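Working through the structure, step by step
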Amino acid sequence: MLAVLRLLLLCLSCTATGAWATAPLLTPAQTKALGESGARLIDIREGPAYALQHVPGAVSAPYPLWRAPGANAGLPPSQPALTALVQELGLTPDTPAVIIYTGIDATDFGGAARVYWTLKSLGVQQLSILNGGLTAWKAAGLPVASQASVASRSRWQPQFNPQWMATRDQVRASLDEPGVLRVDARPAPFYQGRIAADAAHARGTLPGAVNLDSENWFELGSAALMDKAALQDEADKLNAAPSQPIIAFCNAGHWSATDWFVLSEVLGRPGVRMYPGSIIDWTSAPAPLPMDNEPGRWQQLRYAALAWAHRNLGTPAP
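Residues numbered from 1 in each chain as written. Predicted model: local features only at pLDDT ≥ 70, side-chain atom pairs only at ≥ 80, totals over all residues. Heavy atoms only, no water.

Describing the sheet that holds strand β1 (residues 25-26)
The five strands lie next to each other as β1-β5-β4-β2-β3, forming an open sheet whose pairing is parallel. If you trace the sheet from one side to the other, it starts and ends with β1 and β3 (59-60), each paired once. Where strand β2 (residues 40-43) and β3 come together, two bridges link them in parallel fashion. In the strand pairing of β3, Asp43 is matched with Ser60. (Pairing = 2+ DSSP bridges. Helix = DSSP H or I, 4+ residues; strand = E, 2+ residues; numbered from the N terminus.)

Let's talk about the pairing of strand β6 (residues 181-184)
Along a regular strand, successive side chains alternate from one face of the sheet to the other. A two-sided burial pattern is seen for β6, the buried positions comprising Leu181 and Val183 on one face and Arg182 and Asp184 on the other. Two elements, β6 and strand β8 (residues 246-249), share four bridges in a ladder whose sense is parallel. The partner of Leu181 across the bridge, within β8, is Ile246. In terms of strand pairing, β6 meets strand β7 (residues 210-211) through two bridges, oriented parallel. Bridge pairing links Asp184 to Asn211 in β7. (Buried < 20%, exposed > 50% of the residue type's maximum accessible area, 1.4 Å probe, protein only.)

Quick word on unusual backbone geometry
A positive phi angle, close to 55°, is found at Asn239, a residue other than glycine. Relative to the elements of secondary structure, Asn239 occurs in the loop between α9 (228-236) and β8. Accessibility expressed as a relative area gives 69% for Asn239, which makes it exposed. Positive phi outside glycine occurs at Ser278, with the angle close to 50°. Looking at the secondary structure, you find Ser278 in helix α11 (residues 278-282). Taking the relative accessible area as the measure of exposure, Ser278 reaches 1% and is therefore buried.

Comments concerning the sheet that holds β6
Either a parallel or an antiparallel arrangement is found when strands of a sheet pair, and the pairing is made through backbone hydrogen bonds. Spatially, β7-β6-β8-β9 is the arrangement adopted by the four strands of the open sheet, whose pairing is parallel. Unpaired on one side and paired on the other, β7 and β9 (272-274) mark the two borders of the sheet. Sitting on the sheet, helix α10 (residues 255-266) is in contact with β6, β8 and β9, with an inclination near 165° to β9. (Contact = heavy atoms within 4.5 Å. Axes fitted to C-alpha atoms, helices over the stretch in contact; angles between N-to-C directions.)

A word on the nonpolar core
Looking at soluble globular proteins, one finds that nonpolar side chains tend to be buried together. Counting residues in hydrophobic clusters, the biggest one holds 52 residues, and the most contacted among them are Ile42, Trp66, Leu119, Trp217 and Phe261. Of all elements in the fold, only α4 (79-88), β4 (97-100), α5 (106-122), β5 (127-130), β6, α9, α10 and β9 reach the threshold of two or more residues within this core. Broken down by element, this core gets its largest block of residues, nine residues, from α5. Residues in contact with Trp66, not counting those within four places in the same chain, are Ile42, Ile44, Ala61, Pro77, Leu85, Leu89, Arg114, Val115, Thr118 and Leu119. Core analysis: the next-biggest nonpolar cluster, separate from the first, contains 19 residues, Ala166, Tyr191, Ala197 and Tyr275 among them. (Core = buried A, V, L, I, M, F, W, Y, C linked by side-chain atoms within 4.5 Å.)

Brief notes about the packing of α4 against α5
Two elements in contact, α4 and α5, have axes separated by 12 Å at closest approach and are oriented at 95°. Between α4 and α5, the angle is such that the two are roughly perpendicular. Here Gln79, Leu82 and Val86 of α4 lie close against α5, whose contacting residues are Thr118, Leu119 and Leu122. For the contact of α4 with α5, the residue count by class is four nonpolar, two polar and no charged. (Parallel < 35°, antiparallel > 145°, perpendicular 65-115°, else oblique. Nonpolar A, V, L, I, M, F, W, Y, C, P; charged D, E, K, R; others polar.)

Geometry only, nothing functional implied.
As structure tokens, this is what we get:
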């Protein structure tokens, strides 16, 4: 009888773990149980922050490792670099993985969403994010550790699946496809052409794009996504057909990772892709590509002067 009870408990544990492993968002309690069952907990905060305190058992993989070096960090790292990274983390396609971020604000969540997108593209089958990050973990009264954890190195040779990625050429081709919806995940001033990222060579947004600021998925000041019903209410503002293809973008594939994550992973929309190079890549093309909301010459000079005054004199942002 005791053996039967143990077997039953084991089956129930496996069922629960499997359910949590395939859920895109986890609570601290679910993360704790999953980590104790052998899932890989991946802390993407900077090294010094990890060394100070982290979820027990989590391994360190700072966010910059998941971004390309050079002028546009939005582009994915090289395949050899990604392979070395996942091997160092001991990952295989069947390793459940939970991504842990700090839990400061909506932008902070974007890093976790970008790492999730990268690992999904590489072939990890069971992925989750600790909703609210380390902040939520500590708020739940769970312990932290300072001793670093190291995973046993794997021999996995992943191949990047471009199913969830849009390239510059694909985005350009989408301009002639009326059914494709381009979604700008940046704050409104970027979309309106009033401000621009330092590395962007033009202001404005992609032709025909609609604006859905990634912060809209969060309660004001929160780093945890809202409940699914509230997320669906925000998504409905896109007025997109259920199977309409969507390409999310921002400046460099960070904010747009959150839009992609919510639409694709939480709400389960098919055909959602992210343009990782985003506006910096688009405006770096050898020949200028079309833009919407691009201000005229004098307006650009005015915005540049206002931006200078904001940075140097503390005047209101343009």
